[in-house]
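Breakdown of the fold
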Amino acid sequence: MVEILKKKQHKWTNVILIVACLVIAVYIAYIKGWISTELIGSVELEDKQELFALNPKEKSVVGVNNKQIFHVSQDGIKAYNFDGDEIWRDTFSFSEFVVMQKQPYIAVGQKQGKSIYVFNEKGKQCEIVSEYPIVYFSINEAGGVVTISNNEDEYVVAAYNEYGDAICVQTTYVKDEGYPVVAELSPDNTRVVISYVSGDEPQVVSRVYILNVTEPEKEQKNSAKFGGEQKNNLIYEIEFINKDTWVTIGDKLCVWYDLEGNDLGSEEDLLLVYVPYLYKRSTHGLGYLPMILSEKPTQNIVRRQDELVYFNHLGERTFELPLEDGVKSVYADSFGTTIQLDRTFYGYNKLGNLYFKYTSNTDADKVIYLPTIRKGIAVNKERVTLLIPKEEKNKNG
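Residues numbered from 1 in each chain as written. Predicted model: local features only at pLDDT ≥ 70, side-chain atom pairs only at ≥ 80, totals over all residues. Heavy atoms only, no water.

1. What about the packing of aromatic side chains?
Overall, the coordinates contain 20 aromatic pairs when judged by the stated rule. Taken together, a centroid distance of 5.9 Å and an interplanar angle of 80 degrees make the contact between tyrosine 155 and tyrosine 179 edge-to-face. Here tyrosine 155 is found in strand β12 (residues 154-160), whereas its partner tyrosine 179 is found in strand β14 (residues 179-185), with 24 residues between them in sequence. Taking the relative accessible area as the measure of exposure, tyrosine 155 reaches 11% and is therefore buried. Judged by its relative accessible area of 43%, tyrosine 179 is partly exposed. Pairing tyrosine 196 with tyrosine 209 gives two aromatic rings, centres 5.8 Å apart and planes at 70 degrees, and the pair type is edge-to-face. Of the two residues, tyrosine 196 is situated in strand β15 (residues 191-198) and tyrosine 209 in strand β16 (residues 205-212); the sequence distance between them amounts to 13 residues. When its relative accessible area of 1% is taken as the criterion, tyrosine 196 is described as buried. Aromatic rings pair up to connect Trp88, Phe92, Phe94, Tyr117 and Phe119 into one cluster. Looking at lysine 59, its charged tip hangs above the ring of phenylalanine 97, at a distance of 4.4 Å from the centre. (Phe/Tyr/Trp six-rings, centres within 6.5 Å; stacked < 30°, edge-to-face > 60°. Helix = DSSP H or I, 4+ residues; strand = E, 2+ residues; numbered from the N terminus. Buried < 20%, exposed > 50% of the residue type's maximum accessible area, 1.4 Å probe, protein only. Lys NZ or Arg CZ within 6 Å of the ring centre and 35° of its normal.)

2. Observations regarding the side chain of aspartate 306
Among the secondary structure elements, aspartate 306 is positioned in the loop between β22 (289-293) and β23 (307-311). On the accessibility criterion, aspartate 306 (1% relative accessible area) is buried. At a separation of 2.7 Å, a polar atom in the side chain of aspartate 306 contacts the main-chain amide nitrogen of valine 327. Every residue in contact with aspartate 306, bar those within four places of it in the chain, is listed here: Val273, Ile292, Leu293, Ser294, Leu321, Pro322, Leu323, Asp325, Gly326 and Val327. (Polar contact = N/O pair within 3.5 Å; in protein donor to acceptor, adjacent residues only side chain to side chain. Contact = heavy atoms within 4.5 Å.)

3. Some remarks on the pairing of strand β31 (residues 383-389)
With six of its seven residues buried, β31 lies for the most part within the structure. Pairing analysis gives seven bridges linking strand β1 (residues 43-53) to β31, with the strands arranged antiparallel. Residue pairing across strands places glutamate 46 opposite isoleucine 388, the latter belonging to β31. With four bridges joining them, strand β30 (residues 375-379) and β31 adopt antiparallel strand pairing. (Pairing = 2+ DSSP bridges.)

4. Considerations on the nonpolar core
Residues Val157, Val192 and Trp246 are the most contacted members of the largest nonpolar core, which totals 29 residues. Of all elements in the fold, only β11 (145-151), β12, β13 (166-173), β14, β15, β16, β18 (235-242) and β20 (253-258) reach the threshold of two or more residues within this core. The residues touching valine 157, leaving out its near neighbours within four places in the chain, are Val146, Thr147, Ile148, Cys168, Val169, Gln170, Pro180, Ala183, Val192, Ile194 and Tyr196. Membership of the second largest hydrophobic core comes to 28 residues, among which are Leu51, Ile69, Tyr80 and Ile377. (Core = buried A, V, L, I, M, F, W, Y, C linked by side-chain atoms within 4.5 Å.)

5. Remarks on the pairing of β14
With five of seven residues buried, β14 is to be regarded as a mostly interior element. The sheet contact formed by β14 and β15 spans six bridges and is antiparallel. For proline 180, the partnering residue across the bridge sits in β15 and is tyrosine 196. Hairpin geometry of β14 and β15 is characterised by an intervening segment of five residues between the two adjacent antiparallel strands and by a positive phi of about 60 degrees at asparagine 189.

6. Quick notes on the environment of leucine 370
Its location among the elements puts leucine 370 in strand β29 (residues 366-370). When the C-alpha positions of leucine 370 and isoleucine 388 are compared, they lie 9.8 Å apart, and in sequence the two are 18 residues distant. If we ignore the near neighbours within four places in the chain, the residues touching leucine 370 are Val64, Asn66, Lys67, Phe335 and Lys375.

7. A look at the side chain of glutamate 267
With respect to the element layout, glutamate 267 can be found in strand β21 (residues 263-268). Residue glutamate 267 is classed as buried on the basis of its relative accessible area of 18%. Within the structure, the side chain of glutamate 267 is placed 3.3 Å from the side chain of arginine 317, a separation counted as a polar contact. Discounting residues that sit within four places of it in the chain, glutamate 267 has contacts with Lys252, Leu253, Cys254, Trp256, Phe311, Gly315 and Arg317.

This is the structure we're talking about:
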């Protein structure tokens, strides 16, 4: 009897160990981004109801910020829930505006203006004011903002935290460094990455610097942590794909780096149709960067045959999808990437699996779907429409 009990106890011990190992393995796969609990199965979406109207004669930017829908116009910004009810609003007057987003923050600024407003899901977070006209700005997921402002041959790169306080300022001159083209603040607000381009040499030269954000409100002169030079390559975008990895996007070369400036991988001659941009970075896994490539990116969209490619944190290709047509629009976030082919939108998760499809009958030019709440939006020039999976509409009658 004792022997039988010992055997049963031993058996249960083995079962517990096996289950524990499986749990650990699944957890590691989840952290690495090899599996996703957010996206299960594929659905076909259809229209349910109009949420709110747009003025086709005015410029509008509509997007999703966490579980809210936001609408930016010349007169201000409004946020709605997925029932079409207004949650909050704020007013401003911008004749020409630029909108940048990294969920859960949205930054809006006047083109060539001197102020930027930062919003989150509760409304206005802060206002940033520059001494000189702002020619470029970006925002990160912590609400940090980087601006590039210009005063004749002098350029100022400034970084601000989520409260609008300056945490890093650097002044450069065209004759010394060239023109600052793009700048990004790391997700933890500790580093500023800047790309300068010099056109005074026989060929275009891009120089990349990392500034340590160590002493807020103090000018960071000669504090570059890393300086890299890329000849015959115009770096026009910098993207963080995880908290420790960033990518320089150039017309001839794309390079993956860690926070110390070490080269992790690279790809040459990627013919991009769209500038890669993540509206929300995944909080787990090692990150991904989707790109739309084409052998002839400047060719008419009717004749193009594009390709959707995912790159990992080392610059390695993890997913490649040849397409029969040219991509009309693209939207990428932590769930995956949505591409538009003719009137149909396809959403592919970070593993490359199709998770939704939607065919528009109203000339939609943007579709965003949130699988966690099983709702999405379709945007055209006149309205924003709620999207739901077909079977749910049928259930509701």
